[in-house]
Amino acid sequence: MELQVTLQKRFNNFHLGVEFEVQGERIGVFGPSGCGKSTLVGLIAGLSKPDRGKVILDGETLYDGTKNLNIRPEHRRVGMVFQRPSLFPHLSVKGNLTYGLKRCSPANRKISFDDVVEVLQIKHLMDRGVKYLSGGEKQRVAIGRAVLGNPRLLLLDEPLSALDDSLKFNIVPFLKDVCRTFTIPYLFISHSLLEMQIMTDQVLNLSDGRVLEKTTAEALVRARMGESMAGYMNLLRLTSPQPVDGIYAYNWGNQQLLIASGDSQPEGLFELLSTDIILFKSHPEAISARNLLQCRVIRTFEARHRIGVDLDCGGDGHLVAEVSKQAVEELGIRERSEVYAAVKATAFRKLV
Amino acid sequence: MLGFTPADYSAILLSVKVATTATLLSLPFAFAVAYVMTYRRFRGMVALDVAVNLPLTLPPVVIGYLLLILLGREGLIGRHVLQPLGIQLIFTWKAAVIATAVVGFPLMVRPMRTAMEAIDERLIHVSRLLGAGWFDTIITVILPVSVRGIIAGSVLMFARGLGEFGATVIVAGNIPGVTQTIPLAIYEYASSPRGDVMALSLCAISIAISVVVLVFHEWLARRMVRRD
């Protein structure tokens, strides 16, 4: 997907002025609330009219202020999922799902109804009224409805924000699977860096109606490490848990992690904050933390007054820990030096 | 039954016929006006708002008189539109329909508009993005989602139509068997000696119809709640 956008839009006392060009399948639009993210996607979708500018999607001009060209939203083939599911209350689940499919020209129909229903696991809901669905089910139906419109670009406008944490990370795999299975590129809008890390490859960093930079979620998380109390968020996708003394052991790289929040599901996504990792210069003989990992320092990076340490923990294992400047000197941390990382079994938060 | 004359029976039937016709006739217009007032921003919106709601505050007799002037033989519409087409409205039951429709119009528009204003804007956005044009969106989203308001508005207009007196008596007259509706018949009985019993009987019929309408409305509303 290739998207070129130059847009100006003025509200009462807000001015959106953006200019960017992105190529890729998983693009994030990141920024605090009120920075113009939703305004921007509304303009790309054609739901509101810009003051001037240009929107070109995959070579087709959707809006050109100078030529007075403004393709209507129903002809843009751009799908959207909002914060709230916004399902049609008068239609059944099936009626909602097929609304866009029916209106999609046969030439553009590439996604089959049955496949989407299977990926989203909503077959058993088909004949229900939408009011009887749970929050997560509703959002899955909303995603299915948007996908079945066979869009060439999906705009995901904070689709996870209205869901509570456990539900949020339940939806994530569905969202990722459906976009990957049917190769639908998307713009993922959110103010959450964690969501950006999970959902995107590239990120447009928006602030006060402007695009500050085109970057990645990883770079943003690193840059913000020093500002946030929580530090850097390590995301670990772990498989094949084994129960050990009431907690769970997961294989990770060529080591093993003991995790209190683990469960018997075959795969899980865990968050580990850089501030929850303690580094030792040599092997501490006895330690209460259940995980002691032998690691090699790949490099260090600076974020405000803190130092981030990239650790190679063997195999594919990779972590970012965070220490103060004095600690770097005292431990003699530098490239290729060896350290031990201690992590309590309770420090991992299970996301999915 | 109750010693009704043929003219009384035709008054009862005519009342129902006039109120039903006026309601059905107004439905598309009221829906269009409610839609425009909810979703379109344009100059003269305030003027339209006032015009639509004016019959609510004007005495029905005034409306009747204005309609008479407009639709009568010498009136703007009467002379230039109706006469060339050979249509005679004044003092027919059709005039009663028009009077009823005009008087009840704001009552019909208001609940529709309230229902439309309550529709989540994103439903409309979603439908557009899924490929529905604006007319398609009106028919497949706005209409079904605001259906309760449409029913409420229709019931209000129908009920108001059953009781229409002031405007009807001026444009349609009070001709037994031709333009006399229940309220007009009651008026005639009430102002004649020994007409009390007949007036009361017609009142009973009027109450019965109103109760049936309200029960029907309640039943429909409950059925919809259940369906939801």
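Worth saying up front: this structure is predicted, and the values here are computed from it rather than measured. (Residues numbered from 1 in each chain as written. Chains lettered and ligands numbered in written order. Predicted model: local features only at pLDDT ≥ 70, side-chain atom pairs only at ≥ 80, totals over all residues.)

### Focus on the sheet that holds strand β9 (residues 186–190) of chain A
Residue and element names in this part refer to chain A.
Point 1. Reading across the sheet, the 6 strands line up as β7-β8-β9-β3-β10-β11 and stay open at both edges, with mixed pairing between neighbours. Edge positions in the sheet fall to β7 (78–81) and β11 (210–215), since each has one partner strand and no second. For this sheet, the mean inter-axis angle between neighbouring strands, taken without regard to orientation, is 20°.
Point 2. Across 4 bridges, strand β3 (residues 26–30) lies against strand β10 (residues 202–207) in parallel orientation. Its bridge partner lying in β10, phenylalanine 30 is registered against asparagine 205.
Point 3. Lying on the sheet, helix α4 (residues 135–148) is in contact with β7 and β8 (153–157); it crosses β7 at an angle near 175°. (Pairing = 2+ DSSP bridges. Helix = DSSP H or I, 4+ residues; strand = E, 2+ residues; numbered from the N terminus. Axes fitted to C-alpha atoms, helices over the stretch in contact; angles between N-to-C directions. Contact = placed C-beta atoms within 7 Å.)

### Describing the nonpolar core
Point 1. Core analysis: the largest hydrophobic core is formed by 100 residues, its most contacted members being Ile44(A), Met80(A), Leu155(A) and Leu187(A).
Point 2. In terms of residues, this core owes the most to one element, α4(A), which gives 6 residues.
Point 3. For this core, the domains that each give at least three residues are domain 1 (2–224) and domain 2 (233–350) of chain A.
Point 4. Those residues in contact with Leu155(A) that sit more than four places away from it in its chain are Val41(A), Ile44(A), Ala45(A), Val78(A), Gly79(A), Met80(A) and Leu187(A).
Point 5. Within the second largest apolar cluster, 53 residues are counted, among which are Val102(B), Val141(B), Leu156(B) and Leu162(B). (Core = buried A, V, L, I, M, F, W, Y, C linked by C-beta atoms within 7 Å. Buried ≥ 20, exposed ≤ 12 C-beta atoms within 10 Å, placed from the backbone. Domains from an automatic or database assignment.)

### Comments concerning the interface of chain A and chain B
A common way to report how large an interface is uses the accessible area buried once the components associate.
Point 1. Counting from both sides, the interface comprises 19 residues of chain A and, opposite them, 15 residues of chain B.
Point 2. Those elements that place two or more of their residues in the side of chain A that touches chain B are β7 and α2 (93–103) of chain A.
Point 3. Broken down by class, the residue content of the side of chain A that touches chain B amounts to 10 nonpolar, 6 polar and 3 charged. (Nonpolar A, V, L, I, M, F, W, Y, C, P; charged D, E, K, R; others polar.)

### Some remarks on the confidence of the model for chain B
Point 1. In this model, chain B carries an average pLDDT of 92, and 98% of its residues clear a pLDDT of 70 or more.
Point 2. Across the interfaces of the predicted complex, the ipTM metric reaches 0.85, alongside a pTM of 0.86. (pLDDT = per-residue confidence, 0-100.)

### Considering the environment of Pro59(B)
Residue and element names in this part refer to chain B.
Point 1. Mapping proline 59 onto the fold places it in the loop between α2 (45–57) and α3 (60–71).
Point 2. The class for proline 59 is exposed, based on 11 C-beta atoms found within 10 Å.
Point 3. For the pair proline 59 and glycine 166, spaced 107 residues apart in the sequence, the C-alpha separation amounts to 7.8 Å.

### Let's talk about the domain arrangement of chain A
Residues and elements named next belong to chain A.
Point 1. Each domain of chain A was delimited in the assignment, giving domain 1 (2–224) and domain 2 (233–350).
Point 2. The C-alpha-based centres of domain 1 and domain 2 are spaced at 35 Å.
Point 3. The partner domain 2 presents 6 residues to the 7 residues of domain 1 that form the contact.
Point 4. At the level of elements, α6 (193–199) and α7 (217–224) are the ones that each hand at least two residues to the side of domain 1 that touches domain 2.
Point 5. The residue makeup of the side of domain 1 that touches domain 2, split by class, is 5 nonpolar, 1 polar and 1 charged.

### Observations concerning the sheet that holds strand β20 (residues 338–343) of chain A
All names here are of chain A.
Point 1. Strand order in the open sheet formed by 5 strands is β16-β20-β17-β18-β19, and the pairing between neighbours is antiparallel. The outermost strands of the open sheet, each flanked by one partner alone, are β16 (278–280) and β19 (318–324). Within this sheet the neighbouring strands show an average axis-to-axis angle of 45°, counted without direction.
Point 2. Of the pairings in the sheet, the one linking strand β18 (residues 306–312) to β19 comprises 7 bridges and is antiparallel in character. The partner of glycine 308 across the bridge, within β19, is glutamate 322.

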